[in-house]
Amino acid sequence: MESIKTTVNGWNIMESIKTAVSSWNIMESIKTTVDGWSINMDVLYSPSSWPIRPLSLVAMIIPTYLILLSIYRLYFHPLAKFPGPKLPALTGLYEFYYECILGGRYFEEILRMHEQYGPIVRIRPDELHVNDPDWNEPFKISSRVSKWHWYYRAFGSSQASFGTVDHELHRIRRSPQNPYFTVAEVQKFEPEIEHIVGILCSRLEEAKKTGEPVNISNATKSLATDVVTEFAFHKSYNLLSEPDFAAGNHNMTRTFALVATWHRHFGFILQLFEAMPRWFVALTDPSAVAMLDFFDDIENQTKALIAKHKGHTGKDIAADIVQQMLDSDMPEVEKNTKHLMLEVRTIVAAGTETSGNTLSVTIFHLVANPEKALRLKEELLEAQKKNHGVPLTYQELLQLPYLNAVVSEGLRISTSGAGRHPRINPRSAMTYKSWTIPAGTPVSLTQKFIHENPTIFPNPRSFSPERWVNAADRKRLEKYLTPFGRGSRVCVGMNLANAEMYLALARIFASFDLGLYETNREDDIDQYHDFIKDFKL
Ligand code: HEM
């Protein structure tokens, strides 16, 4: 055996291997670099038995490694003492099956685990989930928690505020956007929302004349897309004018949710899609092409706006979200085209299916409960009459108790983001009851579970605006109604989403009597998939 000269961090690797396989021939030495370390590594092989010896070494090492890893995860891992089934504690493949193979359905399995093991459960080898509506520690702003990169990379936006991991960096990226999304800014935008809602109403009017059914889900998602694109960069995509309400675009968003889940697990799927020729992507899924076209379009819009604002130094009211970020005190390094483009893409993507889905689910429940739709209509018409026939503004609509109750109940029952929201405290341990969650552990909560908790919201599957009408009840329940998330990562677009909801519901239900057409709750409304994949597949 030749001499071996390999030392990394003082540990003589090859000396150890030599001892272990001293009967083997060592024939060759190659020079390789690992993490910047130059290592003279001798390659082990026996020419007479190649490749049997290396293969048998691999065949020996892999099972040994897996057995040791399993023992570690089950008995010695810092999370080993937490309750939960053995399989998800052993391997992330358990979650992979529910998320990637079944398409975002792990939330149902997590709920089942809680039913069996209690309020805190180990749902992956390295992740805990808590189902307790009163536990807010990971969302307290003072906790300065991070997001979990592995989970949020699914959305391909770790450079945008949504997917930014670190709390402090998130503050730097988010603060410049906040002034653009205030209640006051949204109120200024009210005429544009009115205009876009008007387009939807005229499409409904046409359908009333022709008797054609309207796919309200695609219609409301088009409305949300038109509103958010008009709001962000004053160029409505005008999907409401598409004959089929741009059904392909909305399929594309659902495709994205599935691609995103695979991307979370493998980390390269989105880049792979982006690098593939379009014709090849079309072979796998035509709606994925639409997704890539959408990415390109947002990139082009952002570049055009950057060019338009070049040289502008004003700190006055921003003309669009790109100018808002360019004019802000955000460090220059954050103002590069890629970062701005990812922010715009995230804002548009986050503001379409969410608002559209909430609106269509709310409309469904009103139409499925005609007495509630009638109560809403009467409230709206009465208020309008008192206002001398002039339709109420957003601010005036906010004063209507039943409409308020309908919006709250719609937000509760739709919970358009069904997925979990993992947070990490990298600095210190978190405490849940008698449990100490080690620093650095991803711990998740799922808003949908709180919104459907029968002790807080009795009969949670029933659409009941009435539970919000009494002021004392509303005060007690509002604490648990957090469809827009919590803490420093709360939805930046919530004021816009609220304005859309109030204005669209008010105009639609004051003017139309809708009925259901080939729609049932089980197949068309209930949420079977994580995040935005709302329909049963
Ligand atoms: C009913 C409609 C909406 C719902 C239910 C909703 C829900 C949420 C939730 C739950 C989060 C937090 C996610 C997390 O913690 O991981 C969030 C964040 C976000 N939402 Fe919304 N959203 C809605 C509408 C909108 C709209 C209209 C926009 C854009 C105008 C928008 C843009 C965003 C962005 C950019 C974030 C990331 C915020 C950050 O981390 O700084 N959302 N949304």
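Residues numbered from 1 in each chain as written. Predicted model: local features only at pLDDT ≥ 70, side-chain atom pairs only at ≥ 80, totals over all residues. Heavy atoms only, no water.

**Looking at the UniProt feature "binding site: heme" (unreviewed entry) in the chain**
Mapped onto this numbering, the UniProt entry annotates "binding site: heme" (unreviewed entry) at Cys491. Turning to its location among the elements, Cys491 is positioned in the loop between α22 (471-478) and α23 (494-511). If near-sequence neighbours (up to four positions away) are discounted, Cys491 is found in contact with Arg174 and Phe484. (UniProt positions renumbered as here; feature names shortened; annotations may be inferred. Helix = DSSP H or I, 4+ residues; strand = E, 2+ residues; numbered from the N terminus. Contact = heavy atoms within 4.5 Å.)

**Looking at the site of the ligand**
Taken together, 27 residues form the shell around the ligand, and within it Tyr152, His170, Arg174, Arg423 and Cys491 come nearest. The separation between an oxygen atom of the ligand and a polar side-chain atom of Lys147 is 3.3 Å. Contact between the ligand and Tyr152: an oxygen atom at 2.6 Å from a side-chain N or O atom of the residue. The set of elements that each furnish at least two residues to the shell around the ligand consists of α7 (167-174), α16 (337-350), α17 (353-368) and α23. (Near = heavy atom within 4 Å. Polar contact = N/O pair within 3.5 Å; in protein donor to acceptor, adjacent residues only side chain to side chain.)

**Considering the environment of Thr441**
Topologically, Thr441 is positioned in the loop between β8 (435-437) and β9 (443-444). Along the primary structure Thr441 and Pro78 are separated by 363 residues, whereas in three dimensions their C-alpha atoms are 9.2 Å apart. Setting aside residues no more than four positions away along its own chain, Thr441 makes contact with Leu79, Asp126, Leu128, Arg423 and Ile424.

**Here we look at the packing of aromatic side chains**
Given two aromatic rings, their pairing is described by the distance between the two centres and the angle made by the two planes. One pass over the structure, following the stated rule, counts 23 aromatic pairs. Centroid distance Phe96 to Phe266: 5.8 Å. Interplanar angle 90 degrees. Geometry classified as edge-to-face. Separated by 170 residues along the polypeptide, Phe96 in helix α4 (residues 93-101) and Phe266 in helix α11 (residues 247-266) bring together distant segments of the chain. Ring pairing ties together the aromatic residues Tyr94, Tyr97, Tyr98 and Tyr106, which thus form one cluster. When the ring centre of Trp150 is taken as reference, the NZ or CZ atom of Arg124 above it lies at 4.1 Å. (Phe/Tyr/Trp six-rings, centres within 6.5 Å; stacked < 30°, edge-to-face > 60°. Lys NZ or Arg CZ within 6 Å of the ring centre and 35° of its normal.)

**Quick look at the side chain of Arg203**
Of note, Arg203 is situated in helix α9 (residues 190-210). In this structure Arg203 is buried but unpaired, with Glu206 as the nearest side chain of opposite charge at 4.1 Å. With near-sequence residues (within four places) excluded, Arg203 lies in contact with Leu240, Ser241, Glu242, Pro243 and Phe245. (Buried < 20%, exposed > 50% of the residue type's maximum accessible area, 1.4 Å probe, protein only. Lys, Arg positive; Asp, Glu negative; His and termini not counted. Salt bridge = Lys/Arg side-chain N within 4 Å of Asp/Glu carboxyl O.)

**Thoughts on the packing of helix α20 (residues 401-414) against α23**
Where α20 contacts α23, the two axes come as close as 11 Å, and the packing angle between them is 120 degrees. By the angle between their axes, α20 is oblique relative to α23. For the element pair α20 and α23, the recorded crossing hand is right-handed. In this structure, α20 contributes Leu403, Asn404, Val406, Val407 and Leu411 to the contact, and α23 contributes Asn498, Met501, Tyr502, Leu505 and Ala506. Of the residues in the contact of α20 with α23, the class split is 8 nonpolar, 2 polar and no charged. (Axes fitted to C-alpha atoms, helices over the stretch in contact; angles between N-to-C directions. Parallel < 35°, antiparallel > 145°, perpendicular 65-115°, else oblique. Left-handed = near helix turned anticlockwise from the far one by under 90°. Nonpolar A, V, L, I, M, F, W, Y, C, P; charged D, E, K, R; others polar.)

**Considering the UniProt feature "transmembrane region" (unreviewed entry) in the chain**
With numbering aligned to this structure, UniProt lists the feature "transmembrane region" (unreviewed entry) at residues 55-76. Secondary structure within residues 55-76 divides into 100% helix and 0% strand; the distance between the first and last C-alpha atoms comes to 30 Å.

**Some details on unusual backbone geometry**
With the exception of glycine, most residues fall at negative phi, and the peptide bonds are largely trans. For Phe245, which is not glycine, the phi torsion reads 55 degrees and is therefore positive. Secondary-structure assignment places Phe245 in the loop between α10 (216-233) and α11.

**Brief notes about the pattern of salt bridges**
All chains considered together, the criterion is met by 28 salt bridges. Across the salt bridge formed by Glu109 and Arg112, the nearest N and O atoms sit 2.7 Å from each other. Of this pair, Glu109 and Arg112 both sit in helix α5 (residues 106-117), separated by 3 residues, roughly a single helical turn. For Arg112, a relative accessible area of 35% corresponds to the partly exposed category. Taking the shortest distance from any N to any O, the salt bridge between Glu353 and Lys221 comes out at 3.5 Å. You can see Glu353 sitting in helix α17 and its partner Lys221 sitting in helix α10, a full 132 residues away along the chain. The same class applies to Glu353 as to Lys221, namely buried. Salt bridges here are not isolated pairs; linked through shared partners, they connect Glu95, Arg124, Asp126, Glu127 and Arg420.

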